[in-house]
Amino acid sequence: MNDPARPERDRPWVFRTYSGHSSAEASNALYRSNLAKGQTGLSVAFDLPTQTGYDSDHPLARGEVGKVGVPVGHIDDMEVLFREIPLDQMNTSMTINATAAWLLALYVATAERQGVAANQLRGTTQNDLIKEYLSRGTYVFPPEPSMRLISDMVAHTVNAIPKWNPVNICSYHLQEAGATPVQEIAYAMANAIAVLDAVKARDDVPDDVLPEVFARISFFLNAGIRFVEEICKGRAMTELWDELGRDRYGVGDPKLRRFRYGVQVNSLGLTEAQPENNVIRIVLEALGVTFSKKARCRALQLPAWNEALGLPRPWDQQWSLRIQQILAYETDLLEYPDLLDGSHVVEAKVEELKKAAQEELERVLAMGGAVAAVENAYMKQRLVESHTARLRAIESGELPIIGVNSYTETEPSPLVDDDDASILKVDDAAEREQIERLNAFRAKRNAADAKTALQGLRDALSNGENVMPPSIRAAHAGVTGGEWADTLRELFGEYRAPTGVVARESQVTDDANQRVRERVHACGERLGRPLKILVGKPGLDGHSNGAEQIAVKARDVGMEVVYDGIRLTPAEIVQSARDEGVHVIGLSILSGSHLILVLDVLAGLKDEGLSLPVVVGGIIPEEDAESLREAGVQRVYTPKDFDLTRIMGEVVDVVEASAGIG
């Protein structure tokens, strides 16, 4: 309705949905369907083998292909993914980090085959490896070469793809890993400084280009349910970024110092219990990042109400898109200047956050910056401590979560009448079919061209040249993602980040915790040595928050803990269990590959003649949980099991029953 009495409306943010699954063809159909419904940008979710640089037929990819995103192994996959989607008219965000240079090379090569020049492309590669070491775990290479690859992409895109955001500093996953607002602000700024300083030190980026580089650094934030605090966090980051550009990097043009950010609202706070409540949470969180015009997000993607249950269906994603559209088009939100200017309450909170974040940022810079604070585990330990404090507050009831630890009485939900029908399940045939396509691609390509391109990539990197031009040539020549990443592994090696799990004296003194501690001690007496648990992360899933908290809690109640971090094969877990002489194994899997990886661990234990009880945690539908129990898993835990003290007590039950001492 055109009403001349109403003020002119601001242009809405970019509407996105984080999506991708099974295959390039299935994901392309989903993207075109979402765009037809009014989505204005794309956000590509890649599967874990693509994110960590393994071809679909690699042993570590087993069970992971097409599970949490789309598999893209080569140029044919990328062309199918964007079939009938003109890339010169699209704004595409790609959640990709260790292999970001490769996926951008495939995207550029695909655009060129569409007849679109690279300088017309708009979009974002996440490409924030420091955050990956701290929280999400899809890193591959050590910090130094990773920073080189990031700065290579920045140096290349600033001229060749000037509308592209080569780095999206991602505090989203920091909050998901437990970061407080102060930590989220401080560590995001520290990560950005590490990138900018690395680019500034390059010979091929003149000083007069640095303001353009600064302007192309974007951010990706999380938005929690404390939406007033989240509004203030956004305003604080806006002011700090402006000051950082002006004072540290000498960026004179205020337009180039604008804090540009996208958002995915808080997946961490979505609950498996009473999942319909998640819609209210999502709406409030979306309001938090759009309410303040001065700190309004540039792009927004909302999770679906059922993401704590499993993969959302197209209908679930449509519901989330409609939330954005109602907020942007039906309300009067976009008709007014900033509604919070002049608020003493908001200004005071913003100043409080800025002051505390600057102090924490100075601590990180004093120890050598974000990379040093990754290698000495300072930031990781702070995040684990913060997440532990949050979970303890939920467990004690101090932090109310409606439907989880308070107001748990409920009527049956018609939305989850049939658990299996309320989520999308990836067809088990997807992995086999993707491997068949990969083999067919290898058979038809010109092998000599691919070999020459890989040698060119190797030579360029060895000579200190930029990774992007030889990667784009490799994409056209038919190189696969696994071959590209293996070439870099040969040159740079691989890396295992500190886990952040440290042994500390217990801070929990409540009666329930003490009773479990006494049971653990008594169990150890009967076993003849302390109860020992192996906490394992099989497969490529790098979301380690749950495993870390189990490890911290197990130590807290007196167990000996073996936790070697992420990305282990089932065979490595079995070997560790045998070598360490543990009494029980706890596996954590959030990628949906539990049916394959857990059964592989059970088979490995049987082959080794080990009779050890296994418990499993993750996003596991009840039908799958029943299958795991039938296969011999002793306990299955899902996101609704927030009481870690109870879980530890049940682990003692399992060990006592297994050892015949109960």
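Everything here concerns the structure above.
In this report, we go over the structure that sits alongside the text. Computed from a predicted structure; not experimentally measured.

## Examining the packing of helix 5 (residues 129–136) against helix 6 (residues 143–160)
Where helix 5 contacts helix 6, the axes come no closer than 9 Å and their chain directions differ by 135°. In terms of orientation, helix 5 and helix 6 fall into the oblique class. Facing Leu129, Ile130 and Tyr133 of helix 5, the residues of helix 6 in contact are Pro143, Ser146, Met147 and Ile150. For the contact of helix 5 with helix 6, the residue count by class is six nonpolar, one polar and no charged.

## Considerations on the sheet that holds strand 6 (residues 164–165)
Across the sheet, which stays open at both edges, the five strands sit in the order 2-3-4-5-6 with parallel pairing between neighbours. The outermost strands of the open sheet, each flanked by one partner alone, are strand 2 (18–19) and strand 6. Taken together, the four bridges between strand 4 (residues 91–95) and strand 5 (residues 122–125) define a ladder with parallel strand orientation. Each residue of the ladder has a partner; that of Asn91, found in strand 5, is Arg122. Running at roughly 150° to strand 4, helix 4 (residues 100–114) makes contact with strand 4, strand 5 and strand 6 of the sheet.

## Here's the deal with the sheet that holds strand 7 (residues 167–170)
Here five strands make up an open sheet; going across it, the order is 1-10-9-8-7 and the pairing parallel. The open sheet terminates on both sides in strands that have one partner only, identified here as strand 1 (14–16) and strand 7. Averaged over all pairs of adjacent strands, the angle between strand axes in this sheet comes to 25°, irrespective of strand direction. Where strand 1 and strand 10 (residues 299–301) come together, three bridges link them in parallel fashion. Along strand 10, the bridge assignment pairs Val14 with Ala299.

## Description of the nonpolar core
The biggest cluster of nonpolar side chains holds 169 residues, and the ones touching the most others in it are Phe219, Trp241, Met379 and Met559. In contact with Met379, other than residues within four places in its own chain, are Ile130, Leu134, Tyr187, Asn191, Val364, Ala370, Ala373 and Val374. Ranked by size, the runner-up nonpolar core spans 23 residues in total, among them Ile573, Ala577, Ile620 and Val636.

## Topic: the packing of helix 20 (residues 511–527) against helix 25 (residues 644–659)
Helix 25 packs onto helix 20 with a crossing angle of 20° between their chain directions and a minimal axis gap of 10 Å. Here helix 20 lies roughly parallel to helix 25, going by the angle between them. The chirality of how helix 20 crosses helix 25 is left-handed. Together, Ala512, Asn513, Val516, Arg519, Val520, Cys523, Arg526 and Leu527 of helix 20 and Thr645, Met648, Gly649, Val652, Asp653, Val655, Glu656 and Ala659 of helix 25 make up the contact between the two elements. A class-by-class count of the residues in the contact of helix 20 with helix 25 yields nine nonpolar, three polar and four charged.

## Looking at the pattern of salt bridges
Applying the stated rule across the entire model yields 53 salt bridges. The partner of Arg313 in a salt bridge is Asp316, and the shortest N-O contact between them spans 2.8 Å. Judged by its relative accessible area of 23%, Arg313 is partly exposed. Its relative accessible area of 0% is what places Asp316 among the buried residues. A salt bridge links Glu360 to Arg363; the nearest nitrogen and oxygen atoms lie 2.8 Å apart. Note that Glu360 and Arg363 are positioned in helix 13 (residues 344–366) at a spacing of three residues, about one turn of the helix. Given a relative accessible area of 6%, Glu360 falls into the buried group. Via salt bridges that share partners, Arg148, Asp152, Arg202 and Asp204 belong to a single interconnected network.

Rules used in this analysis
- Residues numbered from 1 in each chain as written.
- Predicted model: local features only at pLDDT ≥ 70, side-chain atom pairs only at ≥ 80, totals over all residues.
- Heavy atoms only, no water.
- Axes fitted to C-alpha atoms, helices over the stretch in contact; angles between N-to-C directions.
- Helix = DSSP H or I, 4+ residues; strand = E, 2+ residues; numbered from the N terminus.
- Parallel < 35°, antiparallel > 145°, perpendicular 65-115°, else oblique.
- Contact = heavy atoms within 4.5 Å.
- Nonpolar A, V, L, I, M, F, W, Y, C, P; charged D, E, K, R; others polar.
- Pairing = 2+ DSSP bridges.
- Core = buried A, V, L, I, M, F, W, Y, C linked by side-chain atoms within 4.5 Å.
- Buried < 20%, exposed > 50% of the residue type's maximum accessible area, 1.4 Å probe, protein only.
- Left-handed = near helix turned anticlockwise from the far one by under 90°.
- Salt bridge = Lys/Arg side-chain N within 4 Å of Asp/Glu carboxyl O.

Read these as layout, nothing more, since geometry by itself doesn't imply function.
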